[in-house]
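Coordinate inspection notes
Below, each chain spelled out in residue letters.
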Amino acid sequence: MAQFFDPFASTRSNGGGGEQQSSSSSTNAAETNNPFDIFGSSSASSNNTTNGNAAAANNNNQGMAASFMNPFQQFTSSTQQQQQPAAQQNQSANTTTFWQQSNAAIATAINPASPSSMWKSLGGTTTTTTSSSSLAASSTASNKTSKKHKQVVPYAGPIANLQSNWDPWLHSAASSNNNNNNNNNNNIMTYLIVKANQSCIVPNGVESVLKWTKLHKHTNGSGGGKGSSSMDDLTMNLDSSMSLEESGGGNGGGETLFGEYDSSTTASSSNGIGVTNDQSYTTSNASSTGGGNNNKKLGKLFKSGLKKAQASLAHSVTSIAIKADGGKNPDWVCASLHYLGGGNGDAVNRAMLHAIGASGSSGGGAAAVSDVCLSKTEWIPLPPPSSFGGGDFQSEEGGQQQQLSFAVPLCVPDLSFLESTASSCGAGGAGAGAGDIAADNGIVLTVRLYLRSGATLLKAAAIKKEYCIGECSLMYSQLGSCGKGGDSNGGQQQYDTMNLQFTNGMLADPSSYTYNLNPDSPPMLNLTTLPRIKFNRPCSIGWSLTDPTPIPPSSVAALRWLNMFQLPLDQVYAYPGAAGAIILATECARESTVTLPIATACAKLFSNAAMQSQQRASMIAAQSRRREAIRSYAIPPELDINRANTIVDMALKDGCMEVNMGVVAFVVNGDNSIGGIHNLTSGTERVPSIRMSVSFQRHDSIFEEGIMAGTVPLLDQSPTIPNEALKARFCPRIMSGVPEKDGFELLHGVPGTKPNGKYVGNVRFEVENTSYANVNDNLIVPSATSAPIEGLLELEPYLDQATSNEGKKMPVLVPAIDANSGKRLGTFVLLLQVRALLDSASSSQTLETLPPASLGLVSVAGLDTLMEGLALAPNLDFDPPSSNSQQPPSATAAEMRRRQVATMGTFLTPRYLQNQADVVRSNATSALCDRYDKYYNSVLSGISPDVAIEDDSHVELFERRTPRPFRPSNSRGDELLAGIGFNVHCQGLSIDVLQNGAIQPAAVHYSVTHGAPADHAAGFGVQGVDESTDSGAESSSGARGGLRRLEMKRVEYAKELDDLISGLIRSAGEHFKMRAQFASARQQAGVKLSRHIPPGVPAIAHYRNKAIECAQRLNSLTWNIAARRANCFSQALGIAVTSYLASLSDGSHASKGYASLWQRHGYLVTFEGLLSAVGKELGMIEDASIAVQMLRKVNIVLVADDGNASLSNSERQRVPVAHSPYVKWVSLTCFHTNGSHSKTQYRLEIGLVPSYYQNRVPEPLKNGAAVRLFPVLFQMGVDIRQWGVNAGRNVSSQIKDKSKGGGLSSSESFGDAQNTPGMNEGVGGLINDGDDDDDGDEVGMADNEIGFQLNVDGFRKLNAYAHSVNPTVAGVSAASSAPPIFDSSEQVQVQNLAPHPLLVPLSESIKASAGKMEHSVLDHAAASCQKLGGGSTIFCKSGKDRTGMQVTFKEAQFIQKFIDRKEAVPSEEIFAKATTLRIYGNRVPICEKNAGEAMYAFNPLQAQFMPAMLKPPPITTQWKKPET
């Protein structure tokens, strides 16, 4: 046996804190010097024994939790009538019973005196155990109608697989027993590892059983009495659902398998309780309860005859099938554990009957509990007797015997309450009767072996008749010495072994069948007994810092625990080891204590940032109203006068001037003509008109703003009665010329030009100077165009009259000049009224300072706006560069461009900014603040009894939406929970070696499993579209998809905007260049040069409108991406920290020096993605890739808790961690060492209990040392949709083509589905896993390059990390090598390194993966990460199905490598072990936690397209669409 290392040898201490352990005096060099040896010494011989060489690790699991209750309580689930698929392979499910695990049952036991009230407090339904009706009548009836039971981890279904198969009433009885001294860390179950010696291998299997049965055939005669038993009583006929079914007896004759039972061993099965097809306890009514009823007798006789006929037919069919098979397929064998009423006293049977909540019609006793199956192993193939070794059958020490070894142990519930009953009866206590057994006999349990034929015909006909070939008995008291909890002083945990000979059945009479292998060794079972570990002891192997504490002894505290967490899911597997050792692999999936606190800390950080952004947007919107007063206070002519007056009053108070203007006419000078037309007033009936436009020139922008346009009279003299042809009312801003007051700068040359220091603007009038061909309908029609005629009205001189015109319009004459020559051609006749509140406070107050954008959401989310270099105003999400007045402006092209853009006004309209501030950002801020409040209250509810949250105990677990550490996968669309990673479990696999009577810890493997860290609530449709554009219409060019695609679209928008700005600058330059040729003439005429561009220039108007539209799209998309990043990052951070703390908990990492590597080079965490690059899953890949990339910004610091729950500074508020033994709080902040936005960094502080910090945290991670995360993502689609993406065609079409003979045969692709009703619905409904997100996935957008691109990028990062932590350059060590470069954000030029020797297989796999489903990419990536001391996470869409296949494959690899002590292991061994884990392990219960159904969301069609190593066992798939 190879040596096993002590993973905590270098971190033990005699101080306080963690558990005290004794270290080994010698350490293998490979263990301390080679950080890439995952199994300790690679040179250790497999023949070495562990006696004296293996370090003594403390795996004692008592002391941390009280023994007041059973922590893995179960209850009977609501019955769900399900049509289960036929088993499609001989590796069938362990379906012992449907008894369920449940937090509700624990709560029942917390207060045994009043279970009803406690049960109701959790929303459950109490079953009265004193009722005369059976459990089926009481529980099933109530559940069929309302499903009131609180199903937490129910296992009803075809693979009721966990070993903890018993109900809450058993636990309630055990917990209320005062004599129960079991102190095993709340673990009151016992494992029985079953092995059968070579003599139990029946030659020819079922065929020999049938012959033996025929030889010993007899019927129950009148002398049979109570002890007689029919064949039907002693065989188990399992239907396709594979539930443990004990047929309900009957007194009819039939074949018997092993003669008559002694009355002390078994009882008549008449009126017995068995587990039936509906998976509930039922009571047989075979016996009559009244006087002679002829009808009942006739019915009984008929049923007896029918049963005989069925048995005879089954016998014949089985014989024919076996002969036809010819031994091609092996038979199958399993072991089961039973409580037999006939072997125990009446009082004990009544106690059992009362405990399971049922009672027999005859008053209870043995008849009512004749046979209760407690547990069952898996089915394993029966080898031929001549074969030695091979498969799961390893040689015992000495190599003389072959064994049947079962990987899945039997599980014995705590039945000490029955022993107490037996003891009181034996002592003459109350309730003792004549039928009671003496106290010294105790409780009798029975172990049986069953055979089942593997003949093909029987499998095809779904006939799975099972034959009991032998049974043996043991006393429950024999299990009490199995070392429950081990030495209370911290010694090694112990186990016991026992050998049992068969007392009944074929194996009890081996001489009667062909038996020639070893006559001196009778058939015998070897049972290894050891306690079940539900809650690992803190600091022991298999324990993680993220594990919750065991349930506290206080009832109130226990309820808080149960309201926060679900119970751990665990399973044990036993495999033969060298030198007679047993390799014990314990699989456990626990919820993480840190996911919710970290999500709370993220919600706090991002809600503060969102409030900062919202406040900044509100202030900028207010400034925009000041700057864009014309548009902000626009008054349409048709507006109601009262509404118009209200707008004007608001503008006046805001520091604007009211301008009420009317254009009367354009009067031509007497000595001038227009187009040669004279005598314009030759008749009163013919007054011609001319088109005119009026615009406003602001002093801060070169672009004029149109006010009005229309026709005005064209006269040769001023009219006597002024009638307004055009009217306008607008409110320009009165500016001070001081940027600190105005919020913007004036154009160059404007400051200082107004004597009163007030700046308003100019009104410009323009008519076209044309030659007219004729006058038609009083309208002059132009025929040729020359220079326009314009007039300019400066508004500043009228400020003095603003308060003295008493509401009257005064006539104003504005000179009309030739725009080119400056020559006066006429006069614009106006009526003008102005008003202003010159003493308004708003006109003189200094503007508030804008909150820094570096603390806003866009910056905190690590996002550049891509507008920083464009100098566009306003600066909504970035801070403009600070100007240095001591230095002259730079003459660079960039600075010149910036100054040019600064003269162009704003590119975000007031309406857009107002909508951003009041709607978009306000809603996002409210959602984040509400999220923080609810998350924080949920965290506090697990700590303080004074904080309560919504009671949703009456809601099924998978339908709950209250923030908790566990978030079911079908809550993906819930916006409130968007910050919590869903379906997060820390799945650990610890390996112990059972040898020489001790359990020795050996190795541990961690994987964090979870759903894709993506913003499912926001969806993957069109993003970044704002409906607040001036047109009010939604843009059709919005981006869609996940973060990766959205950010690429954002870059496109930024490039488009940059091009538009360049076009705008170019067009404006051309306009001013054209006007420059007339500058000298205008100057000679005494006309000022114009600094503005009229609104009618086509090219400029085009570029400017497009630039405004693009800038608004870019801003909207940037904000949406920032909010999406916040959600995805929050999920990913909780997952990554769970992985980090799990690795920190593994003492082998500390002993191998990984802590110093983490501190210098970062903690490597590899994300293994299993999503398909099509439809919505493509969006999930895109979200996850950015979320993982953001983790590089995180620096984790471990600190000793100072007892201060919350600092006074709200920015650094500590979020407590509920129900964690050593993690007290977390605190998340951001900092800007090298800049903001994309340079943002995060600091995550984790407060630990001081004693743990001092004694268990490695020195390199103390004293404020920051560990920076080094995240790497590898992605490979592994399902039918990815196959379609790789093939480049629609999935449904390809399947139909193949089913017609293209590639797959009909049997390969569809199997039995061709006759399945679900197939009639079309192929499209079968290619998804039934989630709501799946609609349209098969026809959605696909990207067959993204996976390859991500893998290449992941390899480059991992390669850089490998070269840093394990340098290949001579003379360079990990301590002296440079930290790895993550991406171009850390170094512009990323060096291309040759593949590291450890990563060559990964490199080759990635090269071969283009356009292929190459699972080896994930396999090699995971292996490389493990060798480099990193952590691993696995995810798919929901984190339950494909993730379950991947994590079980990795665990099976780990087990097999440990057994073989080498890297290269047989794939068939891995597949076999992975199949066992997938059927009997934790992943099926996790499916039910998330979806309410104990099945993987695969159908046989989907399984056909998955890689061989990830194919689910057929028993776990179904054709119907899962309810997920």
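Here, the structure is the one placed above.
For the structure given in this document, a descriptive report is provided here. Fair warning: this is a prediction, and the values are worked out from it, not measured in the lab.

Section: the overall build of the chain
The number of helices and strands found in the chain is 36 helices and 37 strands. The buried share of the chain, taken over its 1524 residues, is 60%. Counting only contacts in the chain whose residues sit at least 6 apart along the sequence, the fraction spanning at least 24 positions is 80%. Roughly 54900 Å² of accessible area belongs to the chain as shown, and the carbon and sulfur atoms make up 50% of that amount.

Some points on the side chain of Glu658
Structurally, Glu658 is set in strand S17 (residues 657–668). Take Glu658: its relative accessible area is 3%, and that puts it in the buried class. Separated by 2.9 Å, the side chains of Glu658 and Arg729 make a polar contact. A polar contact is formed between the side chain of Glu658 and the side chain of Arg835, at a distance of 2.6 Å. Once you skip the residues sitting within four places of it in the chain, Glu658 turns out to touch Val648, Leu652, Arg729, Phe730, Cys731, Gln833, Val834 and Arg835.

Here we look at the packing of helix H33 (residues 1442–1460) against helix H34 (residues 1467–1480)
Each packed pair of helices is defined by two parameters, the angle between the axes and the distance between the axes. At a closest axis distance of 8 Å, the pairing of H33 and H34 adopts a crossing angle of 130°. On the basis of the axis angle, H33 is oblique to H34. The interaxial crossing formed by H33 with H34 has right-handed handedness. Judged by residue contacts, Met1445, Thr1448, Phe1449, Glu1451, Ala1452, Gln1453, Ile1455, Gln1456 and Ile1459 of H33 engage Glu1469, Ile1470, Phe1471, Lys1473, Ala1474, Leu1477 and Arg1478 from H34. Split into classes, the residues belonging to the contact of H33 with H34 amount to 9 nonpolar, 3 polar and 4 charged.

Here's the deal with the pattern of salt bridges
Applying the stated rule across the entire model yields 46 salt bridges. A salt bridge links Asp654 to Arg733, with the shortest nitrogen-to-oxygen separation between them at 2.9 Å. Here Arg733 lies in the loop between strand S20 (726–730) and helix H16 (739–742) and Asp654 lies in the loop between helix H15 (641–653) and S17, a separation of 79 residues in the sequence. By the burial criterion, Asp654 is buried, and Arg733 matches it. The salt bridge involving Arg897 is made with Asp1058; its shortest N-O contact spans 2.7 Å. In this pair, Arg897 sits in helix H18 (residues 893–902) while Asp1058 sits in helix H20 (residues 1043–1076), placing the two residues 161 residues apart along the sequence. Since its relative accessible area comes to 19%, Arg897 is described here as buried. The exposure class of Asp1058 is partly exposed, given its relative accessible area of 25%.

Focus: the environment of Leu913
Locating Leu913 in the fold gives a position in helix H19 (residues 910–941). On the basis of relative accessibility, which here comes to 1%, the residue Leu913 falls in the buried class. Sequence-wise, Leu913 and Ala621 are 292 residues apart; in three dimensions their C-alpha atoms are separated by 5.2 Å. Setting aside chain neighbours within four positions, we find Leu913 in contact with Ile620, Ala621, Ser624, Pro874, Leu876 and Leu908.

Digging into the packing of helix H22 (residues 1098–1145) against helix H25 (residues 1175–1190)
H25 packs onto H22 with a crossing angle of 70° between their chain directions and a minimal axis gap of 9 Å. Between H22 and H25, the crossing angle belongs to the class labelled roughly perpendicular. For the element pair H22 and H25, the recorded crossing hand is right-handed. Between H22 and H25, the residues in contact are Arg1124, Arg1125, Cys1128, Phe1129 and Ala1132 and Asp1183, Ile1186, Ala1187 and Met1190, respectively. Of the residues in the contact of H22 with H25, the class split is 6 nonpolar, no polar and 3 charged.

Points about the packing of aromatic side chains
The final tally for this structure, using the stated rule, is 17 aromatic pairs. Look at Phe1270 and Tyr1361: their rings are 5.1 Å apart centre to centre, the planes differ by 40°, and that puts the pair in the tilted class. Remark: Tyr1361 occurs in helix H30 (residues 1346–1365) and Phe1270 occurs in strand S36 (residues 1266–1275); sequence separation between them is 91 residues. Assigned by exposure class, Phe1270 and Tyr1361 land together as buried.

Overview of the state of the cysteines
The full count for this structure, using the stated rule, is 0 disulfides. Not engaged in a disulfide, the cysteine Cys334 finds its nearest cysteine sulfur in Cys373; these two sulfurs lie 8.6 Å apart. Looking at the unpaired Cys1487, the closest cysteine sulfur is the one in Cys1436, lying at 9.1 Å. Given a relative accessible area of 1%, Cys1487 falls into the buried group.

Regarding the pairing of S36
For S36, the tally of buried residues reaches 8 of 10 residues, placing the bulk of the element in the interior. Bridge count between strand S31 (residues 1163–1169) and S36: 7 bridges; the pairing is parallel. Paired with Val1165 across the two strands is Pro1271, which belongs to S36. When strand S32 (residues 1194–1200) meets S36, the two strands line up antiparallel, connected through 3 bridges. Along S36, the bridge assignment pairs Asn1195 with Arg1268.

Examining the pairing of strand S34 (residues 1223–1231)
By the criterion of burial, S34 is predominantly enclosed, with 7 of the 9 residues buried. Adjacent in sequence and paired antiparallel, strand S33 (residues 1215–1216) and S34 are bridged by 6 residues, among which His1219 carries a positive phi angle near 60°. Note: S34 against strand S35 (residues 1241–1248), 8 bridges, orientation antiparallel. The residue of S35 that forms the bridge with Cys1230 is Tyr1242.

Quick look at a nonpolar patch on the surface
A grouping of Leu313, Val317 and Ile463 is seen on the molecular surface, where their side chains present a nonpolar patch of about 230 Å² in accessible area. Mapped onto the elements, Val317 comes out in helix H8 (residues 294–325). For Val317, a relative accessible area of 32% corresponds to the partly exposed category.

As for H18
Because an α-helix packs 3.6 residues into every turn, residues spaced three or four apart end up facing the same way. For H18, every residue scored as buried is listed here: Glu895, Arg897 and Val901. On an axial view of H18, the arc spanned by its buried residues comes to 160°, and they lie on one face. Considering only its buried residues, H18 is in contact with H20.

Let's talk about the environment of Leu908
Tracing the sequence through the fold places Leu908 in the loop between H18 and H19. Taking relative accessible area as the criterion, Leu908 reaches 1% and is therefore assigned buried. Note: C-alpha distance between Leu908 and Asn1115 (207 residues apart in sequence) is 9.0 Å. Beyond its immediate chain neighbours, meaning those up to four positions away, Leu908 contacts Ser624, Ala873, Pro874, Leu876, Leu913, Ala1111, Gln1112 and Asn1115.

Some points on the side chain of Thr586
By the secondary structure assignment, Thr586 is in strand S16 (residues 582–591). Since its relative accessible area comes to 13%, Thr586 is described here as buried. Discounting residues that sit within four places of it in the chain, Thr586 has contacts with Gln571, Val572, Gly988, Leu989, Ser990 and Asp992.

Conventions adopted
Residues numbered from 1 in each chain as written. Predicted model: local features only at pLDDT ≥ 70, side-chain atom pairs only at ≥ 80, totals over all residues. Heavy atoms only, no water. Helix = DSSP H or I, 4+ residues; strand = E, 2+ residues; numbered from the N terminus. Buried < 20%, exposed > 50% of the residue type's maximum accessible area, 1.4 Å probe, protein only. Contact = heavy atoms within 4.5 Å. Areas by Shrake-Rupley, 256 points an atom, 1.4 Å probe, with all protein chains shown as cover. Polar contact = N/O pair within 3.5 Å; in protein donor to acceptor, adjacent residues only side chain to side chain. Axes fitted to C-alpha atoms, helices over the stretch in contact; angles between N-to-C directions. Parallel < 35°, antiparallel > 145°, perpendicular 65-115°, else oblique. Left-handed = near helix turned anticlockwise from the far one by under 90°. Nonpolar A, V, L, I, M, F, W, Y, C, P; charged D, E, K, R; others polar. Salt bridge = Lys/Arg side-chain N within 4 Å of Asp/Glu carboxyl O. Phe/Tyr/Trp six-rings, centres within 6.5 Å; stacked < 30°, edge-to-face > 60°. Disulfide = S-S within 2.5 Å. Pairing = 2+ DSSP bridges. Patch = residues over 30% accessible without salt bridge, like charges linked within 9 Å, V, L, I, M, F, W, Y side chains within 5 Å. Arc of directions from axis to C-beta.

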